[in-house]
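# Per-entry structural report
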Amino acid sequence: MPSVKLALDHVNEHSRVLRNHRLHMWWNDTMCNAAVGVKAFFDMMHSGPHKLMLFGAACTHVTDPIAKASKHWHLTQLSYADTHPMFTKENFPNFFRVVPSENAFNSPRLSLLKEFNWTRVGTIYQNEPRYSLAHNRLVAELDILGYQLVETQSFTNEVTSALMKLREKDTRIILGNFNEKWAKHIFCEAYHLEMYGRKYQWLIMGTYSTNWWKKLEPDVNCTLEEIETSLEQTILTDLLPLSTSGEITIAGITAKEYEDEYHSRRNGEFSRFHGYTYDGIWAVALAIEHVANNIKSAQSDRYSNVNAFRYRDPVWEKLFLDALRNTSFEGRHI
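This text gives an overview of the structure that appears in the document.

The rules behind the values
- Residues numbered from 1 in each chain as written.
- Predicted model: local features only at pLDDT ≥ 70, side-chain atom pairs only at ≥ 80, totals over all residues.
- Heavy atoms only, no water.
- Phe/Tyr/Trp six-rings, centres within 6.5 Å; stacked < 30°, edge-to-face > 60°.
- Helix = DSSP H or I, 4+ residues; strand = E, 2+ residues; numbered from the N terminus.
- Buried < 20%, exposed > 50% of the residue type's maximum accessible area, 1.4 Å probe, protein only.
- Lys NZ or Arg CZ within 6 Å of the ring centre and 35° of its normal.
- Contact = heavy atoms within 4.5 Å.
- Salt bridge = Lys/Arg side-chain N within 4 Å of Asp/Glu carboxyl O.
- Pairing = 2+ DSSP bridges.
- Axes fitted to C-alpha atoms, helices over the stretch in contact; angles between N-to-C directions.

With that settled, consider the packing of aromatic side chains. All chains considered together, the criterion is met by 20 aromatic pairs. Here F187 and W202 contribute two aromatic rings whose centre-to-centre distance is 5.0 Å and whose plane-to-plane angle is 55 degrees, an arrangement assigned as tilted. Here W202 lies in strand β7 (residues 201–205) and F187 lies in helix α7 (residues 180–192), a separation of 15 residues in the sequence. The same class applies to F187 and to W202, which are both buried. With centroids separated by 5.9 Å and ring planes inclined at 90 degrees, the aromatic side chains of W212 and W213 adopt a geometry described as edge-to-face. Residue class for W213 comes out partly exposed when judged on its relative accessible area of 23%. Geometry around Y200 places R172 over its ring, the cationic atom sitting 5.3 Å from the centre. Positioned above the aromatic ring of F273, the side-chain terminus of R272 is 5.6 Å from the ring centre.

Moving on, we get to the side chain of Q126. In this fold, Q126 is placed in strand β4 (residues 120–126). Non-local contacts of Q126, meaning those with residues more than four positions away in its chain, are made with Y131, S132, F155, N177, F178, N179 and W182.

The tally for this structure, following the rule as stated, stands at 14 salt bridges. Linking D9 and R265 is a salt bridge whose minimum nitrogen-to-oxygen distance equals 2.9 Å. Here D9 is found in helix α1 (residues 2–13), whereas its partner R265 is found in helix α9 (residues 255–265), with 256 residues between them in sequence. Owing to a relative accessible area of 32%, R265 belongs among the partly exposed residues under this scheme. A salt bridge links D260 to K256; the shortest N-O distance between them is 2.8 Å. Note that D260 and K256 are positioned in helix α9 at a spacing of 4 residues, about one turn of the helix. Taking the relative accessible area as the measure of exposure, D260 reaches 42% and is therefore partly exposed. Look at the salt bridges and you will find they share partners, linking D9, E261 and R265 into a network.

With that settled, consider the sheet that holds strand β2 (residues 77–79). On the basis of which strands lie adjacent, the open sheet formed by 3 strands has the order β1-β2-β3 and parallel pairing. Edge positions in the sheet fall to β1 (54–55) and β3 (95–97), since each of these pairs with one other strand and no more. Where β1 meets β2, 2 bridges bridge the pair, whose relative direction is parallel. Looking across to β2, one finds that L54 is bridged to Q77.

A few words on the sheet that holds strand β6 (residues 173–177). The 5 strands lie next to each other as β5-β4-β6-β7-β8, forming an open sheet whose pairing is parallel. Among the strands making up the open sheet, the edge pair consists of β5 (148–155) and β8 (235–237). When strand polarity is set aside, the average angle formed by the axes of neighbouring strands in this sheet is 20 degrees. Examined bridge by bridge, β7 and β8 share 3 bridges and lie parallel to one another. Within β8, the position partnered with L203 by the bridge is I235. Of the strands in this sheet, β4, β5, β6 and β7 touch helix α6 (residues 160–168), which is tilted by about 170 degrees from β5. With respect to the sheet, α7 is in contact with β4, β5 and β7, its orientation differing from that of β7 by roughly 170 degrees.

Here you go:
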(Lines give C-alpha, C1' and ligand atoms only; values in the text may rest on other atoms or scores of the structure.)
Protein backbone atom coordinates (compact mmCIF):
# COMPACT_ATOMS: atom_id res chain seq x y z
CA MET A 1 0.00 0.00 0.00
CA PRO A 2 2.83 2.54 0.61
CA SER A 3 3.95 2.13 -3.01
CA VAL A 4 0.33 2.43 -4.23
CA LYS A 5 -0.15 5.71 -2.37
CA LEU A 6 3.22 7.01 -3.57
CA ALA A 7 2.37 6.18 -7.19
CA LEU A 8 -1.08 7.80 -6.89
CA ASP A 9 0.50 10.97 -5.51
CA HIS A 10 3.04 11.08 -8.34
CA VAL A 11 0.38 10.43 -11.02
CA ASN A 12 -1.98 13.07 -9.66
CA GLU A 13 0.84 15.61 -9.34
CA HIS A 14 2.08 14.97 -12.90
CA SER A 15 1.56 17.87 -15.29
CA ARG A 16 0.87 15.81 -18.42
CA VAL A 17 -0.86 12.57 -17.30
CA LEU A 18 -4.62 12.60 -16.66
CA ARG A 19 -4.51 16.39 -16.40
CA ASN A 20 -8.28 16.82 -16.10
CA HIS A 21 -8.80 13.85 -13.78
CA ARG A 22 -7.65 12.40 -10.48
CA LEU A 23 -6.83 8.72 -10.11
CA HIS A 24 -8.43 7.04 -7.09
CA MET A 25 -8.25 3.49 -5.79
CA TRP A 26 -11.06 1.61 -4.05
CA TRP A 27 -9.46 -1.30 -2.25
CA ASN A 28 -10.23 -4.29 -0.04
CA ASP A 29 -8.02 -6.82 1.74
CA THR A 30 -8.73 -10.23 0.20
CA MET A 31 -6.75 -11.92 3.03
CA CYS A 32 -5.38 -14.26 0.35
CA ASN A 33 -8.74 -16.05 0.57
CA ALA A 34 -10.77 -16.85 -2.56
CA ALA A 35 -14.18 -16.45 -0.90
CA VAL A 36 -13.24 -13.15 0.75
CA GLY A 37 -11.72 -11.89 -2.49
CA VAL A 38 -14.72 -12.75 -4.67
CA LYS A 39 -17.13 -11.15 -2.18
CA ALA A 40 -14.98 -8.01 -2.10
CA PHE A 41 -15.04 -7.92 -5.90
CA PHE A 42 -18.85 -8.23 -6.11
CA ASP A 43 -19.30 -5.62 -3.39
CA MET A 44 -17.11 -3.21 -5.37
CA MET A 45 -18.98 -3.85 -8.58
CA HIS A 46 -22.33 -3.02 -6.96
CA SER A 47 -21.33 0.07 -4.99
CA GLY A 48 -19.83 3.49 -5.58
CA PRO A 49 -18.61 4.80 -8.93
CA HIS A 50 -17.76 2.48 -11.80
CA LYS A 51 -14.22 1.09 -11.56
CA LEU A 52 -12.29 1.48 -14.79
CA MET A 53 -9.80 -1.34 -14.13
CA LEU A 54 -8.95 -3.99 -11.54
CA PHE A 55 -5.57 -3.92 -9.81
CA GLY A 56 -4.43 -7.20 -8.23
CA ALA A 57 -4.40 -9.73 -6.83
CA ALA A 58 -1.21 -11.15 -5.37
CA CYS A 59 -2.46 -14.64 -4.44
CA THR A 60 -3.28 -17.00 -7.30
CA HIS A 61 -6.33 -18.58 -5.69
CA VAL A 62 -7.79 -15.06 -5.44
CA THR A 63 -6.57 -13.81 -8.83
CA ASP A 64 -8.02 -16.81 -10.67
CA PRO A 65 -11.73 -16.55 -9.73
CA ILE A 66 -11.72 -12.74 -9.97
CA ALA A 67 -10.11 -12.85 -13.42
CA LYS A 68 -12.80 -15.28 -14.54
CA ALA A 69 -15.64 -13.28 -13.00
CA SER A 70 -14.41 -9.86 -14.17
CA LYS A 71 -14.47 -11.03 -17.80
CA HIS A 72 -18.29 -11.02 -17.54
CA TRP A 73 -18.13 -7.32 -16.70
CA HIS A 74 -15.81 -6.77 -19.70
CA LEU A 75 -13.19 -5.42 -17.30
CA THR A 76 -9.43 -5.50 -17.68
CA GLN A 77 -7.23 -6.63 -14.79
CA LEU A 78 -3.60 -5.84 -13.98
CA SER A 79 -1.63 -7.79 -11.35
CA TYR A 80 1.50 -6.48 -9.65
CA ALA A 81 2.59 -9.73 -7.98
CA ASP A 82 0.99 -12.91 -9.36
CA THR A 83 3.66 -14.86 -11.26
CA HIS A 84 1.68 -18.08 -11.81
CA PRO A 85 2.28 -19.43 -15.36
CA MET A 86 -1.39 -20.43 -15.77
CA PHE A 87 -2.32 -16.84 -16.65
CA THR A 88 -1.65 -16.91 -20.38
CA LYS A 89 -3.07 -14.55 -22.99
CA GLU A 90 -4.97 -17.46 -24.54
CA ASN A 91 -6.78 -18.46 -21.33
CA PHE A 92 -7.05 -15.03 -19.69
CA PRO A 93 -7.27 -12.43 -22.48
CA ASN A 94 -8.31 -9.62 -20.11
CA PHE A 95 -5.51 -10.29 -17.63
CA PHE A 96 -2.22 -8.38 -17.64
CA ARG A 97 0.68 -8.13 -15.21
CA VAL A 98 3.76 -6.01 -14.70
CA VAL A 99 5.60 -8.76 -12.82
CA PRO A 100 7.13 -11.52 -14.99
CA SER A 101 5.47 -14.92 -15.28
CA GLU A 102 7.45 -17.85 -13.90
CA ASN A 103 7.75 -18.97 -17.53
CA ALA A 104 10.05 -15.96 -17.99
CA PHE A 105 12.67 -17.56 -15.74
CA ASN A 106 13.37 -20.21 -18.36
CA SER A 107 15.14 -17.74 -20.64
CA PRO A 108 17.98 -16.76 -18.26
CA ARG A 109 18.55 -20.39 -17.30
CA LEU A 110 18.82 -21.36 -20.96
CA SER A 111 21.27 -18.48 -21.44
CA LEU A 112 23.40 -19.87 -18.61
CA LEU A 113 23.42 -23.31 -20.23
CA LYS A 114 24.58 -21.73 -23.47
CA GLU A 115 27.21 -19.54 -21.78
CA PHE A 116 28.88 -22.48 -20.03
CA ASN A 117 28.25 -24.99 -22.84
CA TRP A 118 26.22 -27.29 -20.58
CA THR A 119 24.44 -29.50 -23.13
CA ARG A 120 23.55 -32.57 -21.04
CA VAL A 121 20.95 -31.73 -18.38
CA GLY A 122 18.28 -33.14 -16.09
CA THR A 123 15.22 -31.62 -14.43
CA ILE A 124 13.26 -32.04 -11.21
CA TYR A 125 9.99 -30.31 -10.42
CA GLN A 126 7.26 -30.20 -7.81
CA ASN A 127 4.08 -31.83 -9.09
CA GLU A 128 1.85 -28.75 -8.83
CA PRO A 129 0.64 -26.49 -11.68
CA ARG A 130 2.77 -23.51 -10.58
CA TYR A 131 5.93 -25.57 -11.12
CA SER A 132 4.86 -28.16 -13.69
CA LEU A 133 3.58 -25.61 -16.24
CA ALA A 134 6.84 -23.64 -16.26
CA HIS A 135 8.81 -26.91 -16.28
CA ASN A 136 6.91 -28.27 -19.27
CA ARG A 137 7.63 -25.05 -21.18
CA LEU A 138 11.29 -25.40 -20.24
CA VAL A 139 11.45 -28.99 -21.51
CA ALA A 140 9.91 -27.93 -24.83
CA GLU A 141 12.50 -25.15 -25.22
CA LEU A 142 15.36 -27.52 -24.33
CA ASP A 143 14.16 -29.87 -27.06
CA ILE A 144 13.89 -27.09 -29.66
CA LEU A 145 17.41 -25.89 -28.84
CA GLY A 146 18.87 -29.41 -29.10
CA TYR A 147 19.90 -30.03 -25.50
CA GLN A 148 20.22 -33.62 -24.29
CA LEU A 149 17.63 -34.11 -21.56
CA VAL A 150 19.01 -37.08 -19.64
CA GLU A 151 16.30 -37.45 -17.00
CA THR A 152 13.13 -35.67 -15.86
CA GLN A 153 11.72 -36.30 -12.39
CA SER A 154 8.70 -34.99 -10.54
CA PHE A 155 7.80 -35.42 -6.87
CA THR A 156 4.78 -34.99 -4.64
CA ASN A 157 5.49 -36.24 -1.12
CA GLU A 158 9.16 -37.29 -1.10
CA VAL A 159 12.27 -36.43 -3.10
CA THR A 160 14.74 -39.24 -2.39
CA SER A 161 13.67 -41.56 -5.22
CA ALA A 162 13.64 -38.70 -7.76
CA LEU A 163 17.15 -37.60 -6.79
CA MET A 164 18.46 -41.16 -6.85
CA LYS A 165 17.19 -41.59 -10.43
CA LEU A 166 18.94 -38.37 -11.44
CA ARG A 167 22.14 -39.67 -9.84
CA GLU A 168 21.80 -43.09 -11.50
CA LYS A 169 21.72 -41.38 -14.90
CA ASP A 170 24.85 -39.43 -13.94
CA THR A 171 22.99 -36.12 -14.27
CA ARG A 172 25.37 -33.29 -13.35
CA ILE A 173 23.49 -30.17 -14.52
CA ILE A 174 20.11 -30.07 -12.76
CA LEU A 175 17.32 -27.54 -13.40
CA GLY A 176 14.79 -27.32 -10.56
CA ASN A 177 11.28 -25.89 -10.13
CA PHE A 178 9.96 -26.19 -6.57
CA ASN A 179 9.01 -24.06 -3.56
CA GLU A 180 11.35 -23.13 -0.73
CA LYS A 181 9.95 -25.73 1.68
CA TRP A 182 10.84 -28.54 -0.72
CA ALA A 183 14.12 -26.83 -1.66
CA LYS A 184 15.34 -27.49 1.89
CA HIS A 185 14.39 -31.16 1.62
CA ILE A 186 16.00 -31.47 -1.81
CA PHE A 187 19.32 -29.93 -0.81
CA CYS A 188 19.37 -31.90 2.43
CA GLU A 189 18.90 -35.11 0.45
CA ALA A 190 21.42 -33.92 -2.14
CA TYR A 191 23.93 -33.61 0.71
CA HIS A 192 23.32 -37.21 1.82
CA LEU A 193 23.56 -38.45 -1.79
CA GLU A 194 26.67 -36.31 -2.40
CA MET A 195 24.99 -34.53 -5.32
CA TYR A 196 26.80 -31.24 -4.75
CA GLY A 197 30.23 -29.71 -5.11
CA ARG A 198 32.42 -29.23 -8.18
CA LYS A 199 30.88 -32.12 -10.13
CA TYR A 200 27.32 -30.80 -9.89
CA GLN A 201 25.57 -27.60 -10.91
CA TRP A 202 22.07 -26.75 -9.70
CA LEU A 203 20.00 -24.04 -11.44
CA ILE A 204 16.79 -23.37 -9.52
CA MET A 205 13.97 -20.86 -9.21
CA GLY A 206 14.99 -18.55 -6.39
CA THR A 207 11.93 -16.41 -5.69
CA TYR A 208 12.13 -17.35 -2.03
CA SER A 209 12.15 -15.41 1.23
CA THR A 210 15.35 -13.87 2.60
CA ASN A 211 17.72 -16.47 4.14
CA TRP A 212 15.14 -19.17 3.42
CA TRP A 213 17.60 -22.05 3.97
CA LYS A 214 18.17 -21.00 7.60
CA LYS A 215 14.55 -21.68 8.55
CA LEU A 216 14.74 -25.45 8.89
CA GLU A 217 11.61 -27.45 9.67
CA PRO A 218 11.88 -30.38 12.15
CA ASP A 219 11.43 -32.96 9.36
CA VAL A 220 14.53 -31.74 7.48
CA ASN A 221 17.19 -34.28 8.41
CA CYS A 222 20.19 -31.96 8.04
CA THR A 223 22.05 -29.34 10.00
CA LEU A 224 22.26 -25.78 8.71
CA GLU A 225 25.93 -26.35 7.87
CA GLU A 226 25.05 -29.39 5.74
CA ILE A 227 22.35 -27.47 3.85
CA GLU A 228 24.75 -24.59 3.22
CA THR A 229 27.41 -27.02 2.00
CA SER A 230 25.06 -28.60 -0.55
CA LEU A 231 23.80 -25.17 -1.66
CA GLU A 232 27.26 -23.80 -2.33
CA GLN A 233 27.65 -22.76 -6.00
CA THR A 234 23.93 -23.23 -6.68
CA ILE A 235 22.60 -20.60 -9.10
CA LEU A 236 19.20 -19.13 -8.25
CA THR A 237 17.17 -16.91 -10.59
CA ASP A 238 15.04 -14.20 -8.99
CA LEU A 239 13.00 -11.11 -9.82
CA LEU A 240 14.91 -7.87 -10.34
CA PRO A 241 13.64 -5.66 -7.49
CA LEU A 242 14.78 -2.33 -8.95
CA SER A 243 16.28 -1.06 -12.17
CA THR A 244 20.02 -0.42 -11.98
CA SER A 245 20.22 1.63 -15.19
CA GLY A 246 19.94 5.03 -13.51
CA GLU A 247 17.49 6.18 -16.20
CA ILE A 248 14.85 8.80 -15.41
CA THR A 249 11.48 7.05 -15.11
CA ILE A 250 8.04 8.17 -16.26
CA ALA A 251 7.61 9.92 -12.89
CA GLY A 252 10.66 12.12 -13.54
CA ILE A 253 12.81 10.39 -10.92
CA THR A 254 15.35 7.56 -10.91
CA ALA A 255 14.69 4.14 -9.39
CA LYS A 256 17.03 5.06 -6.50
CA GLU A 257 15.09 8.27 -5.79
CA TYR A 258 11.86 6.27 -5.85
CA GLU A 259 13.33 3.72 -3.42
CA ASP A 260 14.42 6.43 -0.98
CA GLU A 261 10.94 7.96 -0.96
CA TYR A 262 9.32 4.54 -0.61
CA HIS A 263 11.44 3.71 2.45
CA SER A 264 10.63 7.08 4.01
CA ARG A 265 6.90 6.29 3.74
CA ARG A 266 6.52 2.60 4.47
CA ASN A 267 6.64 2.71 8.29
CA GLY A 268 7.82 -0.89 8.67
CA GLU A 269 5.53 -2.26 5.96
CA PHE A 270 7.37 -3.96 3.09
CA SER A 271 6.69 -6.08 0.02
CA ARG A 272 9.28 -7.45 -2.38
CA PHE A 273 6.83 -6.44 -5.12
CA HIS A 274 6.70 -2.77 -4.11
CA GLY A 275 8.44 -1.56 -7.28
CA TYR A 276 6.15 -3.60 -9.52
CA THR A 277 3.18 -2.14 -7.63
CA TYR A 278 4.43 1.39 -8.29
CA ASP A 279 4.93 0.65 -11.99
CA GLY A 280 1.52 -1.04 -12.10
CA ILE A 281 -0.27 2.10 -10.95
CA TRP A 282 1.57 4.07 -13.63
CA ALA A 283 0.53 1.48 -16.22
CA VAL A 284 -3.10 1.92 -15.13
CA ALA A 285 -2.81 5.73 -15.37
CA LEU A 286 -1.23 5.64 -18.83
CA ALA A 287 -3.80 3.13 -20.08
CA ILE A 288 -6.65 5.39 -18.92
CA GLU A 289 -4.88 8.33 -20.58
CA HIS A 290 -4.63 6.29 -23.78
CA VAL A 291 -8.37 5.52 -23.67
CA ALA A 292 -9.24 9.16 -22.93
CA ASN A 293 -7.25 10.30 -25.97
CA ASN A 294 -8.74 7.64 -28.25
CA ILE A 295 -12.39 8.45 -27.52
CA LYS A 296 -12.12 12.20 -28.07
CA SER A 297 -13.17 11.72 -31.68
CA ALA A 298 -16.16 9.54 -30.78
CA GLN A 299 -19.47 10.72 -32.25
CA SER A 300 -21.58 9.22 -29.46
CA ASP A 301 -22.37 10.55 -25.98
CA ARG A 302 -22.02 6.99 -24.76
CA TYR A 303 -18.28 7.10 -25.49
CA SER A 304 -17.63 10.83 -25.14
CA ASN A 305 -15.14 10.59 -22.23
CA VAL A 306 -13.97 8.18 -19.53
CA ASN A 307 -16.64 9.50 -17.17
CA ALA A 308 -19.17 7.72 -19.39
CA PHE A 309 -17.52 4.32 -18.75
CA ARG A 310 -19.96 1.46 -18.21
CA TYR A 311 -19.63 -2.23 -17.33
CA ARG A 312 -20.51 -5.06 -19.72
CA ASP A 313 -19.76 -2.97 -22.78
CA PRO A 314 -17.48 -4.64 -25.35
CA VAL A 315 -16.52 -1.25 -26.84
CA TRP A 316 -15.10 -0.01 -23.54
CA GLU A 317 -13.48 -3.42 -23.05
CA LYS A 318 -11.69 -3.19 -26.41
CA LEU A 319 -10.54 0.36 -25.67
CA PHE A 320 -8.88 -0.74 -22.43
CA LEU A 321 -7.44 -3.93 -23.92
CA ASP A 322 -5.86 -1.94 -26.75
CA ALA A 323 -4.60 0.65 -24.26
CA LEU A 324 -2.86 -1.90 -22.05
CA ARG A 325 -1.35 -3.72 -25.02
CA ASN A 326 0.11 -0.43 -26.26
CA THR A 327 1.32 1.01 -22.95
CA SER A 328 5.08 1.16 -22.47
CA PHE A 329 7.24 3.42 -20.36
CA GLU A 330 10.50 3.67 -18.40
CA GLY A 331 9.66 2.23 -14.99
CA ARG A 332 11.63 1.61 -11.85
CA HIS A 333 12.21 -2.09 -12.62
CA ILE A 334 12.28 -2.26 -16.42
